[in-house]
Every structure is written in C-alpha cells, then in structure tokens.
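Inside the fold
Below are the chains, spelled out letter by letter.
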Amino acid sequence: MNFTPVIGLEVHVELKTNSKMFCRCTADYFGKEPNSHTCPVCLGLPGALPVPNKLAIEWCIMIGIALDCKIPLFSKFDRKNYFYPDLPKGYQISQYDQPFCVDGSITLSNGKKIGITRVHMEEDTGKLMHSGDDSLIDFNRSGVPLVEIVTEPDFDNAKDVKEYLQKLQQIVRYLDVSNADMEKGNMRLEPNISLKKDGEMGLPNYKVEVKNINSFRFVEKAIDFEITRQKELLEERETPKQETRGWHEAKQKTVSQRSKEEAQDYRYFPEPDIPPLRFEESYISTLRSKMPELPDEKMNRFQKEFNLSLYDSELLIRDKESADYFEKTVEDGKKFDINPKQIANFIINKKPNLSEVLPAELIQQITASRQTSHIDESELDEIIKSVFENNQKAVEDFKNGKESVIMFLVGQVMRTSPVKLDAQMVKEKLKNALL
Amino acid sequence: MNLNQLTITEAKKGLKKKKFSSVDLTNACLEQIKKYDKHINAYISVTEEKSLKQAEKADQKLAQGDNSPLLGIPLSIKDNFSTRGVRTTASSKVLDEYIPPYNATVVSRLLDAGMVMLGKTNMDAWAHGSSTETSDFGTTKNPWNINHLPGGSSGGAAASVASYETIAAIGSETAGSIRQPASWCGVVGLKPTYGRVSRYGVIAMASSLDSPGPITRTVEDSALILEVLAGKDENDATTSEKTTATYSKNLNKDISGITIGISDDYFQGVDEEVKQAIMDTYKPFEKLGAKIKKIKLFDPKYAIAVYTILQRSEVSSNLARYDGIRYGHDRSFFGDEAKRRIMLGTYTLSSGYYDAYYKKAQQVRTLIIKDFEKSFGEVDIIIAPTSPTTALPVGASKDQSMFGELADMLVEPSSIAGLPGINVPAGFSKNRLPIGMQIIGPQFSEELILNIAHKYEQETPWHTTKLDINL
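Below, the structure is looked at part by part. Here the structure is a predicted model, which means the values were calculated and not measured.

What to know about the overall build of chain A
Regarding its fold elements, chain A presents 13 helices and 15 strands. In terms of overall size, chain A is more extended than a compact globule, its C-alpha atoms giving a radius of gyration of 28 Å where 435 residues would be expected to give roughly 22 Å. Its C-alpha atoms put chain A at 85 × 60 × 50 Å along the principal axes. Burial statistics for chain A: of 435 residues in total, 37% are counted as buried.

Given below as structure tokens:
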C-alpha cells in the first residue's frame, strides 16, 4: 500500500528586543547568571501586571507581512492556562482565536506553496535545570518575546520542510528581529507528522508531534524516521499513537515522550490585564513601508540586475551581510571595469572572509588575479604543448576517462610558466586542448 | 481632643498650624489600635516602628514647609496591596510569610504624598467574600456592634476607620468590597471607575473588575485620597489616559437641576428600614434642588449571574500562580471558599463550556453596560441602597457559598459595568446599625458623584454621629 506523508510545522522564534515581552527586564538571557534578569512581573509575584512590548508586537506583524499574511485590525492576548514549574503565573500569555497575522504563505524553490495558518505573539517560559535530585528554575528566559509560526499540513517530504525552515530563518534574519540561532534556542521546531493512505480524503485520524529538535538536519532525519516508523505500523494495520515524541540524536530515532490521546484543555480566555488592540490601517501600511527587501525579492533582483545565475544569486543572498557586501563591491568594481559576474565568481569560488576583507580590497585582489593570468596566448600554447609531450601517460589517462589527472597537468603548466597563472583559466584551456 | 477621630481635612489643618505633630497623630491611632483591635481585629499587621519613623520624617518635612497632600496622615492599607518589606497575606495562610519586594502603585503614590502607614487590614481571604469570615486571620467585628459583621471584603479597612483606629483607609473593590463594608460600618467608601486607579501590585481577584479606592469618614477625605491615587500608571495597561481632576475642589458646587434616577428593581428584597432610609434621602436632595426620577434598570439578578461566572473564571486563573514554588505555601493551604471558586471557574472556562458560560456572561455584561448608558441619557446619577440589609450577625456567612453575591447584589451591576460608585452613610436602624446609600455615576464621573455625595452629606447629620465603642 502507498502512503503520503502529511506534515505541518510549528516554529517558535525568539525576538531580540532589548526588553522582555511584558516587563522591562533585559531579554538577553543567554549565558547570564540564573535569575539575575527578573522582576515581579516575569517572576509572577502577587499583584504584578503585564504591559505589552510595542516593538515586539511590531516585529511580530512584520514577520506576518513577510509571510504574506493578512493583518487583522483587531487583535487581543489570551491566557493559556496550564501548570508547569517553569511557568510562573500558571498561565502563558499567548493569542488564541485572534492572532496578529493569519493566512499567509511561503513558496518553495520547486514552486510549491506552503500555507501559513497564523503568526502569533506569546511569552517564553523559564528554564528547568536538573542536577542530581535537585530541579532548579532559571527565570531569566521567562517572558522573553516569542513568535509562533504555524503552517498548514502542506508538506509531504522532509526536504521541503528543511527548505521552508531555511527560508524562514533567512526571513527573520533579514528582518533583523531574531538571531534565529538554533543552538541558543532562538528558533525551535516542532513538526507534526502523519501518513495518509493514497486516495484517502481529509487528514489522518492521528498526529505525531516531534520536539527537542535543534538543527535543520535533525528535522530531516526525525521526519524520515517517523515516516518509516509509521509506515511499518500502518502496514501492520495499526494506527500510530497520537503522541509527542522527542528526537534522540545518539540513537538516531524518535522516542515517545507523552501520550496526547486526551487533548489538554488550556481553558483559554481573553487576558483581562491587557486591553484588546485596535490597529489603524495607516499603522499597518507604515510597517509595510518599513519592510526591508526580502531574500526572494533580492534573489530575483540579483538575477536581473547583475545578470547572475539562479544558483549564484541564491548563494549570495543566503545571508543579508554577504548580499550587501556583494552589492557594495559591485559598486566599487565599476571604476575598475570589473563586472558583477566576476565579483560573484570570486566571492563564491575563493570564499574570502568577508568580515576581514573590505570590498575595495576585494577589488584589488580581483585585479591582481587578472594581472597574473596575463600571458601571451602563443607562449601559453607552447608551454602546454611541451607539458603534453613530457607527460604522455597522463594525457592518455585523461582521454581514457580518468578526468582527475587534469589537475596534475594544470600543476605542470603552472610550474613551467614564467608568470603566475590563474589555475581556473589554465584548466579551461587544457580541457579545450585535450578534447 | 481625640486626634485619632479627626478627618484628613482636620488633621491637615492641625498639622499645618502645629497644634500637634504627625507623631502625635500616629501615636493616637496606634494607642486606639492597642486598646481596641483585640476586639475588632481590623488589622493583620501593625507596623508601629515603621509608622513612627515615617511620622517623624513627615514632621521634619512639615517643618520645612513641604506641602505634600497627605503629609503625616496615618492610613491603613488593605492586606492585598503589596508593600515592600511588609508582610502581605491577602488574609490567606498561603501567603502567611510572604514579604513583597515591591510596592503597589497605590502604595508608592501614597508614600510619595507623605502618608504614614499604620499597618495592613484584614479582609476576606483573597477578597473572596463580604464578611471577612473567610479570612485565615479571624473575623473582623463591626465597631458599631461587635456581634455583627463589618462586611467585606475590605471589612478590616472599613472597621479601622469606624473604630478610629486610623484616619482613613485604602480598600479595593471587585463588586461591593469597598461600598458594602463602608455601608455596614457607617463610613464613606468610593469605588472609582475601573481603570481610574492602578491595580499594579494589588493581589488580583477578578482582573477585569478590581478597583482600589479610599474608605474615609467624609466625602472630602475621599476626594483628597482619590486625587493622589487617580491616573495613568505605566505598569498597568488597563489604566485610563483620561485626565484626572482636583476632586476636592468642586465638592460644594451647586447641584440644583441635577436629575437623580431611582429604580424599583433595586428595592426588591431590601429591608424595610433600609428602604425607608433611602426614601428619606429624597427630601434633602430636593432641598438641594435635585429632581428625583423613576427609571427602569435591569433586575440586579442578571448581574449576579454574570458576575459570578466572570469572577470565578478569572479567580481560577489568577490563583494558579500560588504553587508554593517561588514563594508562599502550597495549594493545600487554600481555604474552602478559594477552592470552591477555583473549581467553579475552572469548569466555566473548560472547553465546551466556555461559550455557554464565560462568553455568554461577557455578552450579558455588554447588555448591562448599555442599560446603564441608556439610563444616563435620562438621569445624571442613580441612587440606591448599597446593601439590602444592615450588618448581619457574626456567623451569617457560614455555609452560604453565595453570601457575598447576595450581600452585594445592589453594587454588582455597576461594578461589572466598570462604573464609579460611592457609599455615604444615610441613617441608622432601630438597633443602631448604620445604613448606607450608594450614588452611581457614568464612567469617569468621580467629580460629579463626589460633589453630590458631599452636598448630601453636609445636609444630613450621619457623618457627625460619633461612635461610642461599647465593649
């Protein structure tokens, strides 16, 4: 029997605002002395009240705009009630039925559109630390602004999920609203996976959520593992259990954490401590106008404006810093008659350390490398000819399909030449001569 | 002269003229507490040493000509206001040893205004109740008759004012917790518009209703305290940006031409004596040139249902933080009333029931708000009995899980509509227990209701009737 995976994704992104979501404590908690960034509000002391962070809300909406969401003019916060020692108020302030952003999408490189159900704002919890028989709680993270991005169950394979995550990470970094550093927990991923019999209508009657995944690679592995595991169960005519599983990297498998057969009742209700929010249309359009150029737009522009390949543009825009660097270098290169394509090649092939080499210096390097390759054509032909004569075995090997020997021949030519040559250029030349 | 019997206005005058010092005033209150509080039980904590230090400091400032509005005036604070370094229990054993590291905004504003804090007053545990009988620190007794209850939840606050154990008090009301004990204890209690006074640092009962306010001997004192408390607080997102007024300035404004609404719905099930006392107010009002007009308001029974659901729901969530992990004792220390409210509120918020209870209650709340809005198109203010009865005997709330709702049925509609209301003494019953009248106005009409309350008060003898504590 054939099955199609049905995969949806919840991603939590921690914003890098200066202060926390509902108090003035600094939100930069990583590596700080435990409980040094706390106050009555984020400790949930009696009587303390939340006051929402305006910038965090703005950034949440900007993420929504970047994901092509609708931004309703009315929104509110809600209380999500549950008990856990890292949750000081006994409820998390989140958004239930009227989030800041709804109904968006991301388009993958294969043209597939992934629906974004909602983007909402909430607060992070404290952190539990277990040592021996003791469990300790650090509330430095309590109340750090968290944006949750939920997709429709539109994925059917792990590769697409990975690309989606990379794109999402790129977008929030372009917006400069989160470091989106997986290792620091700035970005947390929770795929839910189930399998549908081919031809079956609707969604499967169960769902497995996988938590504790701290890299894109592990998401891929965890999803692939789940697909195989669930398929085996289904082929035995067993329905996989509705549950939360965790990715166990050492064992290379997911392990059951908590059965979710009974849905937890969070008793959501509107947060009475925060009045509902009503936005003006003009406020939203101001935010739209503040949006930076996003990765996809930049990639398209690079292709058109600089006549680059899709592949080159994609590499250059991967992070905003290198894209900006590239554009600056193109500007500087104009005076020296160096075209964007040459600069792109140089950056992509030579991988210079962009944080150390200034664009102007890069231009110098490119000019220098051009000068080294300056050799009389006939003189080069002579050298190649003599190299071929002295290395007939290698020439033979190449013609018999052993293409790797070409690098040996390149080395011979470079050594024979009186001037420094560009290896890439020599290689092309040799290839042409041998074919 | 008994200094502890003075009003704020009188005390301010005396301090200014150096007839006595703040230390004298504070000592007079502390002595009264020592003498009577073992019988009244208005206080949970008395901060004698701190109080006297604050009084000394106030005297120094007075000598320097400092004009702070409450400089050197002793006040009692209800025990659900966070006070830095002073135990704050909300009358629950859960917080038996809890000492807050910060001040409620109300407390810091009062301290900035120069108050001397005498101590923290008893209340119903978590403000759940209208009798102080749910307190884990014993019941407060009504100073007019210690076999009777003071009302609640701000029962300790009202009793501390009535028994002259303070010059004035700070209480808080969710629905009735200022006005009802003020009524039963024969003092003035003002519940401001929701959002007029900051809730920051006040141990939450029902967050969408809680309103801190003053309990005083006179309307003028009430206005003086409101001037200090009112206004936007950047720590409370629900406080209003609306400008405040100098509430004590226009108390004597002529009220002739004012239309006072009265609704028969607020007289059902009300004691005859109370009914009569409220009808007796028409005369002084008419003398002042006001017109009495019959209006039709929603039956208060709807407000009771709405209030019960909203309040229990919010309580169940607000009390979730008391897990004993970071401070306080664990949840086994909750009393029966808190447990009942947590269970009921958890139920009404549960999935499948939310729409039937919480959501429906919010919809009815909107109707009640509109009903008041409509009435305020016809009349300027509304008067009604504050409580259907005078102070009930000690023990009356036992096994009555709806005791509070019934005792507060006449104040609940205006509370859930977020309106301001004030209790003013309006007479005594045959057995010499105080009767209270409430004046309700539109949102942010504090200036108007204080004006009308003051004019009425000055026209009647009730506020000058001295209590002889008879033990």
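A word on the interface of chain B and chain A
Each partner contributes to the interface: chain B provides 33 residues, whereas chain A provides 24 residues. Looking at the side of chain B that touches chain A, the element that brings in the most residues is helix H10 (residues 300-318) of chain B, giving 3 residues.

Some details on the sheet that holds strand S4 (residues 91-94) of chain A
All names here are of chain A. Spatially, 3 strands are ordered S4-S3-S14 in an open sheet, and the strand pairing comes out antiparallel. The two strands at the open ends of the sheet, each matched to only one other strand, are S4 and strand S14 (269-270). Where strand S3 (residues 78-81) meets S14, 2 bridges bridge the pair, whose relative direction is antiparallel. Opposite Arg-79, over in S14, you have Phe-269 as the bridge partner.

Quick word on the environment of Ile284(A)
Relative to the assigned elements, Ile284(A) resides in helix H4 (residues 281-290). Sequence separation of Ile284(A) and Ile71(A) is 213 residues, and the distance between their C-alpha atoms is 7.7 Å.

Re the packing of helix H6 (residues 310-317) of chain A against helix H8 (residues 340-350) of chain A
Each pair of packed helices can be summarised by the angle the axes make with each other and by the distance between the axes. All names here are of chain A. At their nearest, the axes of H6 and H8 sit 11 Å apart, and the two run at 65° to each other. Considering only the axes of H6 and H8, their crossing is left-handed. Across from Asp-312, Leu-315 and Leu-316 in H6, the residues of H8 making contact are Ala-344, Ile-347 and Ile-348. Considering only residue class, the contact of H6 with H8 consists of 5 nonpolar, no polar and 1 charged.

Thoughts on helix H2 (residues 158-175) of chain A
Residue pairs spaced three or four apart in an α-helix point in one direction, given the helix's 3.6 residues per turn. Look at H2(A): 26 Å from first C-alpha to last across 18 residues, which is about the 26 Å you get at 1.5 Å a residue. Every buried residue of H2(A) is listed here: Ala158(A), Val161(A), Tyr164(A), Leu165(A), Leu168(A), Gln169(A), Ile171(A), Val172(A), Tyr174(A) and Leu175(A).

Here's the deal with the environment of Ser215(A)
Mapped onto the fold, Ser215(A) is located in the loop between strand S11 (208-211) and helix H3 (216-235). A sequence separation of 197 residues divides Ser215(A) from Gln412(A), and the C-alpha atoms of the two residues are 44 Å apart.

Quick word on the pairing of strand S4 (residues 168-173) of chain B
Residues and elements named next belong to chain B. The element S4 is largely enclosed, with a buried count of 6 among its 6 residues. By the alternation rule, side chains of S4 split into Ala-168, Ile-170 and Ser-172 and Ala-169, Gly-171 and Glu-173, which are all buried. Where strand S2 (residues 74-78) meets S4, 3 bridges bridge the pair, whose relative direction is parallel. Opposite Ser-76, over in S4, you have Ala-169 as the bridge partner.

Observations regarding the nonpolar core
Membership of the largest hydrophobic core comes to 205 residues, with the highest contact counts inside it found for Cys60(A), Ile63(A), Val119(A), Leu75(B) and Ile381(B). Other than its neighbours up to four places away in sequence, Cys60(A) contacts Phe100(A), Val119(A), Met121(A) and Val147(A). If you look at the next biggest cluster of nonpolar residues, it comprises 15 residues, including Phe302(A), Ala323(A), Tyr325(A) and Leu362(A).

Section: the sheet that holds strand S13 (residues 253-259) of chain A
Residues and elements named next belong to chain A. Reading across the sheet, the 8 strands line up as S5-S6-S9-S1-S10-S11-S12-S13 and stay open at both edges, with mixed pairing between neighbours. If you trace the sheet from one side to the other, it starts and ends with strand S5 (101-107) and S13, each paired once. With strand direction ignored, the average angle separating the axes of adjacent strands in the sheet is 30°. Sheet topology note: the strand S12 (residues 243-248)/S13 ladder contains 6 bridges and is antiparallel. Of the residues in S13, the one forming a bridge with Thr-244 is Arg-258. In this fold helix H1 (residues 54-66) packs onto S5, strand S6 (113-123) and strand S9 (145-151), with an angle of close to 175° to the strand it touches most, S6. Packed on one face of the sheet, H2 meets strand S1 (3-14), S5, S6, S9 and strand S10 (187-197) and runs near 20° to S1.

What counts and how
Residues numbered from 1 in each chain as written. Chains lettered and ligands numbered in written order. Predicted model: local features only at pLDDT ≥ 70, side-chain atom pairs only at ≥ 80, totals over all residues. Helix = DSSP H or I, 4+ residues; strand = E, 2+ residues; numbered from the N terminus. Rg over C-alpha atoms; globule rule 2.2 N^0.38 Å. Buried ≥ 20, exposed ≤ 12 C-beta atoms within 10 Å, placed from the backbone. Contact = placed C-beta atoms within 7 Å. Pairing = 2+ DSSP bridges. Axes fitted to C-alpha atoms, helices over the stretch in contact; angles between N-to-C directions. Left-handed = near helix turned anticlockwise from the far one by under 90°. Nonpolar A, V, L, I, M, F, W, Y, C, P; charged D, E, K, R; others polar. Expected span 1.5 Å × (residues − 1). Core = buried A, V, L, I, M, F, W, Y, C linked by C-beta atoms within 7 Å.

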